[in-house]
Structure formats: structure tokens, C-alpha cells
Protein chains: 2
Amino acid sequence: VPVTEKALIAQVRRWANVSHNAALHTGIGDDCAVLRIPPVLRNKTKGKGSQDILITTDFSLEGIHFRREWHPPESAGHRCLARGLSDIAAMGGIPVAAFLSLALPRDISPKWVQSFARGLLKLARKHGVTLAGGDTAQSPGGILADIVVLGAVPKGKAILRSQALPGDNLYVSGELGGSAAAVGFMQEERRKKPNLREYPRHFFPEPRIEVGRFLRENNLASAMIDTSDGLSTDLAHICEESGVGAEIDSDLIPLALVGKSSGPTDLQLALHGGEDYELLFTAPRSKKVPAIIAGVPVTRIGRITRRRQIYLVDASGRRSKLHAQGWEHFRR
Amino acid sequence: VPVTEKALIAQVRRWANVSHNAALHTGIGDDCAVLRIPPVLRNKTKGKGSQDILITTDFSLEGIHFRREWHPPESAGHRCLARGLSDIAAMGGIPVAAFLSLALPRDISPKWVQSFARGLLKLARKHGVTLAGGDTAQSPGGILADIVVLGAVPKGKAILRSQALPGDNLYVSGELGGSAAAVGFMQEERRKKPNLREYPRHFFPEPRIEVGRFLRENNLASAMIDTSDGLSTDLAHICEESGVGAEIDSDLIPLALVGKSSGPTDLQLALHGGEDYELLFTAPRSKKVPAIIAGVPVTRIGRITRRRQIYLVDASGRRSKLHAQGWEHFRR
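So, here's what we can say about the structure. Values in this document were obtained by computation on a predicted structure and should not be read as measured data.

Rules behind the numbers
- Each chain has its residues counted from 1, running along the sequence as written.
- As a convention, the first chain written is A and the first ligand written is 1, with the rest following in written order.
- With pLDDT at 70 or above as the cut-off, local features in this predicted model cover only qualifying residues; side-chain atom pairs require 80 or more to be listed or tallied, and sums for whole chains, interfaces and linings still use all residues.
- Heavy atoms throughout the structure, all of them, feed into the side-chain values; hydrogens and water do not.
- Elements are defined by DSSP. Helices are runs of H or I of four residues or more, strands are runs of E of two residues or more, and each kind is numbered from the N terminus.
- Burial classification: accessible surface area is computed with a 1.4 Å probe over protein chains only, and a residue below 20% of its type maximum counts as buried, one above 50% as exposed, and the rest as partly exposed.
- We call two residues contacting when some pair of their heavy atoms lies within 4.5 Å.
- Here the open area of atoms and residues is found with the Shrake-Rupley method and a 1.4 Å probe, where only the protein chains shown may cover a residue.
- Copy-to-copy alignment: least squares on C-alpha atoms, limited to residues at pLDDT 70 or above in both.
- Values labelled buried area give the accessible surface lost by two parts on being combined, using a 1.4 Å probe and summing over both.
- Counted as salt bridges are all cases of a side-chain nitrogen of Lys or Arg within 4 Å of a carboxyl oxygen of Asp or Glu.
- Whenever a nitrogen or oxygen atom comes within 3.5 Å of another N or O atom, the pair is scored as a polar contact, on the condition that within protein one atom can donate a hydrogen and the other can accept it, and that pairs from neighbouring residues in sequence are kept only if both atoms are in side chains.
- The aromatic pairing rule takes the rings of Phe, Tyr and Trp, using the six-membered ring of Trp, and pairs them if the centres are within 6.5 Å, calling planes under 30 degrees apart stacked, those over 60 edge-to-face and the rest tilted.
- Fitted lines through C-alpha atoms give the axes, limited to the stretch in contact for helices. The angle between two N-to-C directions lies from 0 to 180 degrees.
- Angles below 35 degrees are treated as roughly parallel, those above 145 as roughly antiparallel, those between 65 and 115 as roughly perpendicular, and all remaining angles as oblique.
- Each helix crossing is assigned a hand: it is left-handed if the near helix lies turned anticlockwise from the far helix by less than a right angle, otherwise right-handed if that turn is clockwise.
- Residues are grouped as follows: Ala, Val, Leu, Ile, Met, Phe, Trp, Tyr, Cys and Pro are nonpolar; Asp, Glu, Lys and Arg are charged; every other residue, Gly included, is polar.

**Observations concerning the overall build of chain A**
Next, step 1: Helix and strand content of chain A: 8 helices and 16 strands.
Next, step 2: Looking at chain A as a whole, 61% of its 332 residues are labelled buried.
Next, step 3: At a minimum sequence separation of 6, the contacts of chain A that also span at least 24 residues come to 83%.
Next, step 4: With an accessible surface of roughly 13,400 Å², chain A has 49% of that area assigned to carbon and sulfur atoms.

**A word on the relation of the copies chain A and chain B**
Next, step 1: Here chain A sits on chain B after a turn of 180° about the axis and a move of 0.0 Å along it, with an RMSD of 0.0 Å. These values place the two chain copies in the arrangement generated by a two-fold rotation axis.
Next, step 2: A shared interface surface links the copies, since 100% of the contact residues of chain A are contact residues in chain B too.

**Quick word on helix α6 (residues 209-217) of chain A**
Next, step 1: Restricting attention to buried positions, one finds in α6 of chain A the residues Ile209, Val211, Gly212, Arg213, Leu215 and Arg216 of chain A.
Next, step 2: Immediately beyond the C-terminal end of α6 of chain A, within one or two residues, lies Asn219 of chain A, with a positive phi of roughly 55°.

**Things to note about the environment of Pro290 of chain A**
All names here are of chain A.
Next, step 1: In this structure, Pro290 sits in the loop between β12 (279-283) and β13 (292-293).
Next, step 2: Overall, Pro290 belongs to the partly exposed group, its relative accessible area being 26%.
Next, step 3: Considering only alpha carbons, one finds Pro290 and Ser50, 240 residues apart in sequence, at a separation of 28 Å.
Next, step 4: Sequence-distant contacts of Pro290, defined by excluding residues within four places in its chain, comprise Phe214, Leu220 and Val298.

**A word on helix α4 (residues 178-188) of chain A**
Residues and elements named next belong to chain A.
Next, step 1: Counting buried positions over the 11 residues of α4 gives 8, a clear majority of the element.
Next, step 2: Listed in full, the buried residues belonging to α4 are Gly178, Ser179, Ala180, Ala181, Ala182, Val183, Gly184 and Met186.
Next, step 3: Lining the buried residues of α4 we find α2 (73-89), α5 (200-203), β10 (257-258) and α8 (267-272).

**Details of the interface of chain A and chain B**
Next, step 1: Tallying the contact residues gives 57 residues for chain A and 57 residues for chain B.
Next, step 2: Buried area between chain A and chain B, summed over both chains or domains, comes out near 4,600 Å², and the portion from carbon and sulfur atoms is 55%.
Next, step 3: Sorting the residues of chain A by area buried against chain B places Asp31, Ile55 and Phe59 of chain A first, and these three jointly supply 16% of that buried surface.
Next, step 4: As a salt-bridge pair, Arg161 of chain A and Asp31 of chain B come within 3.2 Å of each other at their nearest N and O atoms.
Next, step 5: The tally of links between chain A and chain B comes to 18 residue pairs in polar contact (both at pLDDT 80 or more).
Next, step 6: Broken down by secondary-structure element, the contributors of at least two residues to the side of chain A that touches chain B are β1 (24-26), β2 (33-35), β3 (51-61), α2, β4 (94-104), β5 (130-138), β6 (144-154) and β8 (223-226) of chain A.
Next, step 7: Residue contributions to the side of chain A that touches chain B peak at 9 residues, all from β3 of chain A.

**Brief notes about the packing of aromatic side chains**
Residues and elements named next belong to chain A.
Next, step 1: Applying the stated criterion across every chain yields a total of 8 aromatic pairs over all chains.
Next, step 2: On the numbers, 5.2 Å between centres and 10° between planes, the contact of Tyr171 with Phe281 is stacked. Residue Tyr171 is found in strand β7 (residues 169-173), and its partner Phe281 is found in strand β12; the two are separated by 110 residues along the sequence.
Next, step 3: Ring geometry for Phe185 against Tyr199: centres 5.7 Å apart, planes inclined by 40°, an arrangement best described as tilted. Here Phe185 is found in helix α4, whereas its partner Tyr199 is found in the loop between α4 and α5, with 14 residues between them in sequence.

**Quick notes on the packing of helix α2 (residues 73-89) of chain B against helix α3 (residues 110-126) of chain B**
Residue and element names in this part refer to chain B.
Next, step 1: At a closest axis distance of 6 Å, the pairing of α2 and α3 adopts a crossing angle of 40°. Taken together, the axes of α2 and α3 are oblique relative to one another. As for the relative orientation of α2 and α3, their crossing is right-handed in sense. Across the interface between the two elements, Pro73, Glu74, Ala76, Gly77, His78, Cys80, Leu81, Ala82 and Leu85 from α2 touch Trp112, Ser115, Phe116, Arg118, Gly119, Leu120, Leu123 and Ala124 from α3.
Next, step 2: Among the residues forming the contact of α2 with α3, the class breakdown is 11 nonpolar, 4 polar and 2 charged.

**Brief notes about the pattern of salt bridges**
Residue and element names in this part refer to chain B.
Next, step 1: Within the structure shown, the criterion is met by 28 salt bridges over all chains.
Next, step 2: Its salt-bridge partner being Arg303, residue Glu247 comes within 2.5 Å of it at the nearest N-O pair. Residue Glu247 is found in strand β9 (residues 245-249), and its partner Arg303 is found in strand β14 (residues 296-305); the two are separated by 56 residues along the sequence.
Next, step 3: Taking the relative accessible area as the measure of exposure, Glu247 reaches 15% and is therefore buried.
Next, step 4: Judged by relative accessible area, which is 25%, Arg303 ranks as partly exposed.
Next, step 5: Asp314 is paired through a salt bridge with Arg318; the nearest N and O atoms lie 3.6 Å apart.

Right, dumping it as C-alpha cells:
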């Protein structure tokens, strides 16, 4: 059954109707969505207008960011929205609304689309996010999604990448390398489908909204980024934007437990594997950062230095330069 | 020369640096863009927070919305942003910021990308719009762009599709059918490149921001939409959302002057051809709508009726049902 563009639009409308919040004044069905964003502050003493708007956009392209033979549609939909939510988390923001642009090839089954939407909307509901609009089109090839997430943060309180200072401690939430380990498994064992529950961080990554919010509300983090490109690359972004360097203690890095045996993943995957969607942040030494925030372990893994280089320090104290290796999804 | 993702990101950053406005607090180079939208109102007596945010997203996909052999890159870039700006115009809004997600195939020339950006940024500057962020990726096939435009409008003043009332007059800005005429020319004369200047409304459509703003500021329009899908389809959207019908006087429709001879285009193209990006709006009979707004002719072409049907009325008074034919870009 071919999915026509009109049917798709009707479908997106229905999705949107099941996910509403106070921010959305007029949603799908007009030229634009009209948003009236409510104050995110718990105490409203600072009055209206005292917040900044956060916006992030992320592609989820078949063959680049997901594969139909590897990712069930619920996972593809979940990951599509998670990418955007994680960017909001990395600013310490509160997500408010999402906009989904979705181009589908003529041969896609309506069932696939519905499951994709189910995965996306389940995550949206969990975070109180409205699906407020988007666009639909025929795709010239493959499934093409682009997610826009809009959030809010008290005025001037967004946690940027650029404010890390020498002497700050370096922290990461959760564990690293789990998502890349799943990709490795799928590339090596071509015939076998992975057990989704053995690789939850890859198939259903949970954006760290509450961790980011806690850090912002308690004024703990000086700089923050989410680990979408991998620790080595994302730390390089913080260092570059802040004009600083860093040292990581390799034995402090929390290695994800993956696979049937729940064994720790390889250090190389934890250093360079992307798409863990954890929060990597810096905090002044004077700040006391809890070991667990909103149920998520938070680990100190190193420190920010004046010298603009990134080093890995092993248990014996030996230092080696850590090069940002980037993360090219499945094109390794 | 292959364009790497990293080079692309650097390029988008450079583009963004040349187009800045007061709304952008922190742009490309962090997880999200941080926007602090200034009041759009000329008199600020109503204070802060008295505005709604408008958001619209639109795909521009190679092979669906443009073709590399037909559209010079400047035109593809201009049209990409024009689609979003036109949606803001159709709400009576002021555009503030744009976000470009761009996926490119490995074989694309940097020159193409730069010319695409030049076309897009020229239109952005004209309307005071900041390119505030976006995403870049390798494309699995073809050039894939998704534009997000964010705008503002005084609180509760967005002109919706749903407020047309029986008895209202029906108006359209500019001329209709010009864009579809260009597509017709290109489909028929496969060998010949069209003369861009003979089809300006197709290659460089000017979004009607000032017309929409005037109508909103003077409280003239009861309902409004832009003619992206074609008069018959877009009028059907207004009628459906408003629960009304309409009559169009066929000899009142302003036919675009196209081609070498600048002759009027076919009535069928004016009725059903999409992508003219004009404003179609309704106004109560008591309102005096100027014949020219912001230099653009505005023509009364019919009226809204209680009966939920859309009719075309010819010069002799003969009525025929007008069916929405939709507009499938180049897939006709």
C-alpha cells in the first residue's frame, strides 16, 4: 500500500493531536505552528520574557544514521527525537516542542511509519514534548527525517561549550562506548539480529534532560556538550570553544556493559565511539557534583588544563596525546 | 574535490557569521542555537512577552522540489528559504531566524554548495533573517535540504486559515500560474534551458512578508494562506479549516505574464499550479483592502460562501465545481 503525501499529512496531524502541551497555541494545519512558551522557571518571580529559546535540528537519514535491517522502526523513531532532546539537555534546557520533517519512499509500508511514530511519540510524551508540526514529502530514495526540537532555559543560563576554565574537573554521565559496541556487533555478525536489550544505549538512548537541568539549576557545570560524536571529538569541541586543553584518566572512564555477558566494552569504543548521548561537562573544583543525578551515575574522568592539548593518562601516569577521531555513523 | 562533513560545518559557520541580528544570542558552534527574540511591535507599550513564536519547516529535496539540471544553485538556495519565509508571511509574521539542515552527496562540488548558500543568504539578508544553525550530513543520494524558519507575531495576532466567514471577500496578491508555467516549459523543451528572467516567480519567488505584515497590522485579513500548493488546493484548505465554501470569478484571476512574449499563462495553471508563493486571504466586506500593498498588486477574485463547496464562476455567470488538484512538484 503506497503512502500518499496527503495520507502522511493526515497521519502527522493525528500524531500531533495525541501529544499536546500548554506551549502549543496552534499546531499542524496552518502555515506555521504558533507557540506561546510558558516560563520554565519553577518560581515565576522573574516575570515573563525572562527566558531564552533553544533550537536544534538533526537529520536521521536511512543508510547514514540508521539502517532498516538493523533498526526496528520504533528504535529509528526514538533515536530521531533523542538526538534533538540530547542537544537540549546539553544546554541545561527544558524541551518544549518538536517538529518532524519526514520524506518517505513510495514503497514504504504504513506499518513501518506507524511504528516509527510510536517510538518517537513515546519518547516525546515521556519528556512532555509536543509534536507541533513538520513537513512531509515523497523521498527520492530512502527514509529521510529531520527533527527540530525547541526548548527553553532561563535567560542567560544556557550551559555553553565555551566556558570551561583550567583547573575545572571533567565529568561524564552514564557509561561510554555502548552505542558503538552495538554497531560493531552488527557489522561483524551480518546475519544475526542484535538483541535490543543487550544494547539499550544504542537502540533506545535516554536523553539526559534531568541531569542537564539539575546541573543548570544548581549552577554546577561551567561547560557542557552531549557525546554524540564520541568522547575524543566532543571533548575537543569543548577545548576548542573554551581555548583550553584537558587530561583524561583512562582508568576512570566508565565503560558501558554490553552484549550477552554484560562485559565492559573496549576502551577505544568509549574514547571514540559516538551516539552515546551522555553529557560531558566541566565544573569548578569548588563545586560538589553528586555521584548520582536523577538516577544516572556521574563520573569524574579528568581535568581541564591551560595547555591546549588533550592527553590520555594511564594508571601508571603515562601520558599520550588523544586525537579526535570523529564518528561517521556506519561509514567506518 | 569532495566536501567533507567537517568542511561543511565550517562553511555553515562562516555563512552564519555574515548574517547576524539582534535575536541570536549564541549561534552555530554549540549544541543548540540560543535565541532571544526582540519584540516585533513598533511601539513596545505592551511590554515583553507579548508575542507568539511562529515555526515552519520545509523540505527542498533534489528530484522532488528542484532539479540540478533545471535550477541553478542560487535559485535552489533562494527557493529553499523562500518556502519557509512564505509560511511566515501567511501568518502575518516577521521572520527572525532560519536553520538549514543540508545533506550532500560525496560528489557535490564546493562551488555548487557556495552558490546555493549565496542564493539563500542573499534572501535572508533582504529580510533581516539570521542563519542561526542547522545540521550537515552525508547524503545517501541527492541533495537534501530542510529549512526551519522561526518568526514572531504579536500575541494572538497570527492570521490563521480557520477564521474565514461567509460574505468575506477573497483576495490574492501578485499573479498566479507563473511558477507552474516555468515547470511546463522545462518539461516540454527538455534540451533548452529556460531564461530565468522570463520566469522570475519560479526561480526567485519573493515571499510576501510586507504584504502579510500590512494586512496583520491593519487588521484586514480574516484568514490567510500562501499559494504553495496552488489556488484550488490552498483555497480548499481555508474552506476546510473555516467550515465554509467559496466562489471564484474566473475572469478576475490575475494570470502571470511569462515567457519571451510576456503573455498571460493558462487559466488552468493559475488555478492548479503550485509554488507561486502569493498570499491568498479573506477580508470582511467592511474592510477596505488597498489595490497595491508594499508595491504588490492585490486582486479581489471571489467571495466566501456558507455552502461548503468551491465554485468557479465564468464571465457569463456559469458556475462549475472547482476541485482541488494538488501540486506534486515535478511528478505530474
